[in-house]
Amino acid sequence: MTTHEESARPTGREELVDEVLLAGRELSTAAVLFHAALAARQGLSATDTKALDLVARLGPMTAGDLARHLALKPASVTALIGRLEDKDALRKAPDPGDGRKVVLHFNEEFAARNLHYFADLVGSLRELCEHYTDEQLATIASFTKEAAHRQAEATQRLA
């Protein structure tokens, strides 16, 4: 561990679990604030940037699919898609399996134009990873993925 809180390590399991949960809250807040600042630079909302991330990571999808992933109503997603099209971040194409639908595609050129916003953070996080063993990184990755999955499920229950 390389943080300023290194000397204040929890001693028991319950304290350690509390520390993990608190760290998750801190990371969540930092992520929300980063993405709000990023969105402002791009003339988008934080939800717009997360929608782009979903299409970029998961691949082409329909507006309905995007609405389900974001736990938003279809009308909200329609406006969101319009904003992303206006920024040339997404493009629509006919669904090859159903001509009545359209499929959303992430514009890789948009990503290339905006990659510089992530360079500092990604570089800093890669440097942080150097402080951990491969086994520790595997544990961190496993926990983080499962925590994200559980948070997505909780979001769906709130929607």
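Placed above this text is the structure.
Residues numbered from 1 in each chain as written. Predicted model: local features only at pLDDT ≥ 70, side-chain atom pairs only at ≥ 80, totals over all residues. Heavy atoms only, no water.

Novice: Honestly, the pairing of strand 3 (residues 98-106) in this entry has me stumped. Any pointers?
Specialist: It is a general feature of regular strands that their side chains alternate between the two faces of the sheet. Two strands pair when backbone bridges link them, and strand 1 (residues 61-62) and strand 3 are joined in this way by two bridges, in the antiparallel orientation. In the strand pairing of strand 3, Met61 is matched with Leu104. (Pairing = 2+ DSSP bridges. Helix = DSSP H or I, 4+ residues; strand = E, 2+ residues; numbered from the N terminus.)

Novice: Would you mind showing me how to read the pattern of salt bridges here?
Specialist: Per the counting criterion, the structure on display carries six salt bridges. For the salt bridge of Arg150 with Glu146, the shortest nitrogen-to-oxygen distance reads 2.7 Å. Taken together, the residues span about one helical turn, with Arg150 and Glu146 both in helix 7 (residues 134-158) at a distance of four residues. Residue classification places Glu146 among the partly exposed positions, given a relative accessible area of 35%. (Salt bridge = Lys/Arg side-chain N within 4 Å of Asp/Glu carboxyl O. Buried < 20%, exposed > 50% of the residue type's maximum accessible area, 1.4 Å probe, protein only.)

Novice: Explain the packing of helix 1 (residues 13-42) against helix 2 (residues 46-58) here, please?
Specialist: Close contact between helix 1 and helix 2 brings their axes to 8 Å; oriented N to C, the two are set at 95°. Viewed along their axes, helix 1 and helix 2 adopt a mutual orientation that is roughly perpendicular. Of the residues in helix 2, those touching helix 1 at His35, Ala36, Ala39 and Gln42 are Ala46, Thr49 and Lys50. Tallied by class, the residues present in the contact of helix 1 with helix 2 amount to three nonpolar, three polar and one charged. (Axes fitted to C-alpha atoms, helices over the stretch in contact; angles between N-to-C directions. Parallel < 35°, antiparallel > 145°, perpendicular 65-115°, else oblique. Contact = heavy atoms within 4.5 Å. Nonpolar A, V, L, I, M, F, W, Y, C, P; charged D, E, K, R; others polar.)

Novice: Could you clarify how one ought to interpret the side chain of His35 in this entry?
Specialist: With respect to the secondary-structure elements, His35 resides in helix 1. Here His35 falls in the buried class, since its relative accessible area comes to 18%. His35 has contacts with Ala46, Thr49, Lys50 and Phe118, leaving out every residue within four places of it along the chain.

Novice: Teacher, can you tell me more about the sheet that holds strand 3 here?
Specialist: Backbone-to-backbone hydrogen bonds join strands into a sheet, with any given pair of strands oriented parallel or antiparallel. Taken in spatial order, the three strands of this open sheet run 1-3-2, and their pairing is antiparallel. Each edge of the open sheet carries a strand with a single partner, namely strand 1 and strand 2 (90-95).

Novice: Explanation requested: the packing of helix 2 against helix 3 (residues 63-70) in the structure shown.
Specialist: For any two helices packed against each other, the geometry comes down to the angle between their axes and how far apart the axes lie. Running from amino to carboxyl end, helix 2 crosses helix 3 at an angle of 115°, the nearest separation of the two axes being 10 Å. Taken as a pair, helix 2 and helix 3 cross one another with a handedness that is right-handed. Here Ala51, Leu54, Val55 and Leu58 of helix 2 come into contact with helix 3, specifically with Leu66, His69 and Leu70. For the contact of helix 2 with helix 3, the per-class residue count stands at six nonpolar, one polar and no charged. (Left-handed = near helix turned anticlockwise from the far one by under 90°.)

Novice: Please explain helix 4 (residues 74-86) as it appears in this structure.
Specialist: Residues spaced three or four apart along an α-helix face the same direction, because each turn holds 3.6 residues. Between the first and last C-alpha of helix 4 there are 18 Å, a value that for 13 residues agrees with the 18 Å anticipated at 1.5 Å per step. Every buried residue of helix 4 is listed here: Val77, Leu80, Ile81 and Leu84. Looking straight down helix 4, one finds its buried side chains confined to an arc of 100°; they lie on one side. Residues Ala75, Thr78 and Asp86 are exposed on helix 4 and point more than 90 degrees away from its buried face. (Expected span 1.5 Å × (residues − 1). Arc of directions from axis to C-beta.)

Novice: When you look at the packing of aromatic side chains in this model, what are you seeing that I'm missing?
Specialist: Aromatic ring pairs: the centre-centre distance and the angle between the two ring planes describe each pair. Tallied over the full model, the rule gives one aromatic pair. Consider the rings of Phe34 and Phe118, whose centres lie 6.0 Å apart with planes at 55°: the pair is tilted. On the criterion of sequence distance, the pair formed by Phe34 in helix 1 and Phe118 in helix 6 (residues 116-129) is long-range, its members being 84 residues apart. Classification of Phe34 by relative accessible area gives partly exposed; the value is 27%. (Phe/Tyr/Trp six-rings, centres within 6.5 Å; stacked < 30°, edge-to-face > 60°.)

Novice: Would you mind going over the side chain of Thr62 with me for this structure?
Specialist: Mapped onto the elements of the fold, Thr62 is located in strand 1. We classify Thr62 as buried; its relative accessible area is 14%. A distance of 3.0 Å separates a polar side-chain atom of Thr62 from the backbone nitrogen of Asp65. For Thr62, the contacting residues outside a window of four places in its chain are Asp95, Lys101, Val102 and Leu104. (Polar contact = N/O pair within 3.5 Å; in protein donor to acceptor, adjacent residues only side chain to side chain.)

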